[in-house]
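Chains, contacts and geometry: an overview
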Amino acid sequence: MKFRLDRKTPFPRDEVFAWWTDFREDDHQRPGSPAASTRFVLRRTGNEIWLQDRATRPMRVTIQEHVIVNPPLGYAVEARYPAADVRYAYRFDPEGDSTRVSLDVDIRPRHVGWILIPLATAWWRRYTERDLDFHLGEMERNLREDGHSS
């Protein structure tokens, strides 16, 4: 299952990239987050980051993630979920003083995922949209509080 989401934010690409790639333990612990998880940065080497997310919502899972950043264009992630391998990539394209944030998602079922993933296609897309919009809202609030542009 593949899909793409696009959003526009009023901030310049460099600020968007810096905020989006500042991976933190509490990224999914703020009020309003569609997920509840603790993120661990396991290691960083050059443009590669290995993460582990221990989620309790929407389901209890541990997710291993390998991130490759491509400053300031975006980053790509390979994540291993219990029933699927998920690849997703964020791209940050400047549009004047603003930035278009594009998210490409590719979910590849494994094991019982061959049955469950097709049944949950609409849910995955809605969840991903809520997650993207949550992070965009957090970024906007953080950047405005810090006195950044826009």
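Presented here is an overview of the structure given in this document. All residue numbers here refer to positions counted from 1 along the written sequence of the relevant chain. Totals for whole chains, interfaces and linings use every residue, but because this is a predicted model, local features are given only for residues with pLDDT of at least 70 and side-chain atom pairs only at 80 or more, for both listing and counting. Side-chain metrics in this entry use all non-hydrogen atoms of the structure; hydrogen atoms and water are not considered.

Interaxial angles span 0 to 180 degrees and are taken between N-to-C directions of axes, which are lines fitted to C-alpha atoms, for helices over the stretch in contact. Every helix listed is a DSSP run of H or I at least four residues long, and every strand listed is a run of E at least two residues long, numbered separately from the N terminus. Where helix α1 (residues 13–20) meets helix α3 (residues 121–145), the axes come as close as 11 Å, and the angle between the chain directions of the two elements is 110°. In this view, α1 runs roughly perpendicular relative to α3, as classed from their interaxial angle. Considering how the two elements wind past one another, α1 and α3 form a crossing that is right-handed. When α1 is examined against α3, the residues E15, V16, W19 and W20 are found in contact with a partner set consisting of L132, H135, L136, E138, M139, N142 and L143. Grouping the constituent residues of the contact of α1 with α3 by class yields seven nonpolar, two polar and two charged. Note on terminology: angles under 35 degrees are roughly parallel, angles over 145 are roughly antiparallel, angles of 65 to 115 are roughly perpendicular, and the others are oblique. Each crossing gets its handedness from the near helix: less than a right angle anticlockwise from the far helix is left-handed, clockwise is right-handed. Note on definitions: a residue-residue contact is assigned when non-hydrogen atoms from the two residues lie within 4.5 Å. Any residue that is not Ala, Val, Leu, Ile, Met, Phe, Trp, Tyr, Cys, Pro, Asp, Glu, Lys or Arg is counted as polar, Gly included; the first ten are nonpolar and the last four charged.

Take α3 next. By definition here, a helix of n residues has an expected span of 1.5 Å times n minus one. Helix length check: α3 (25 residues) gives 36 Å between terminal C-alpha atoms against 36 Å at 1.5 Å per residue, within 8%. Type-normalised accessible area, obtained with a 1.4 Å probe on protein chains alone, sets the label of each residue: buried when under 20%, exposed when over 50%, and partly exposed for intermediate values. Those residues of α3 not exposed but buried are W124, Y127, T128, D131, L132, F134, H135, L136, E138, M139, N142 and L143. Those residues of α3 hidden inside the fold are in contact with β1 (2–9), α1, β5 (74–81), β6 (84–95), β7 (98–109) and α2 (113–119). Within two residues after α3, G147 carries a phi angle of roughly 75°, on the positive side.

Owing to its 3.6 residues per turn, the α-helix aligns residues three or four sequence positions apart on the same side. For α1, the set of buried residues is E15, V16, F17, W19 and W20. Residues of α1 that are buried make contact with β1, β4 (61–70), β5, β6, β7 and α3.

What follows deals with the packing of aromatic side chains. Stacked, tilted and edge-to-face are the three classes applied to pairs of Phe, Tyr and Trp rings, where Trp contributes its six-membered ring and a pair requires centres within 6.5 Å; stacked means planes under 30 degrees apart, edge-to-face means over 60, and tilted covers the rest. Overall, the coordinates contain 11 aromatic pairs when judged by the stated rule. Relative to F92, the ring of F17 lies with its centre 6.2 Å away and its plane at 80°, an arrangement referred to as edge-to-face. You can see F17 sitting in helix α1 and its partner F92 sitting in strand β6, a full 75 residues away along the chain. With relative accessibility at 0%, the residue F92 sits in the buried group. Among the aromatic side chains, those forming a connected cluster through ring pairs are F17, W19, W20, F23, Y75, Y88, Y90 and F92. It is R43 that lies over the ring of W50; its NZ or CZ is 3.9 Å from the centre. The criterion for a charge sitting over a ring is simple: Lys NZ or Arg CZ within 6 Å of the ring centre, and within 35 degrees of the ring normal.

Before going further, it helps to examine the pattern of salt bridges. What counts as a salt bridge is simple: a side-chain nitrogen of Lys or Arg found within 4 Å of a carboxyl oxygen of Asp or Glu. Across all of its chains, the model carries 15 salt bridges by this definition. Residues R91 and D93 are paired through a salt bridge, measuring 2.8 Å at the closest nitrogen-oxygen approach. Given a relative accessible area of 32%, R91 falls into the partly exposed group. A relative accessible area of 25% means that D93 is categorised as partly exposed. When the shortest N-O distance is used, the salt bridge between R108 and D106 registers 2.8 Å. When its relative accessible area of 39% is taken as the criterion, R108 is described as partly exposed. Within the structure, one salt-bridge network assembled from shared partners comprises K8, E95 and R100.

All quantities given are derived from atomic positions and should not be read as evidence of function.
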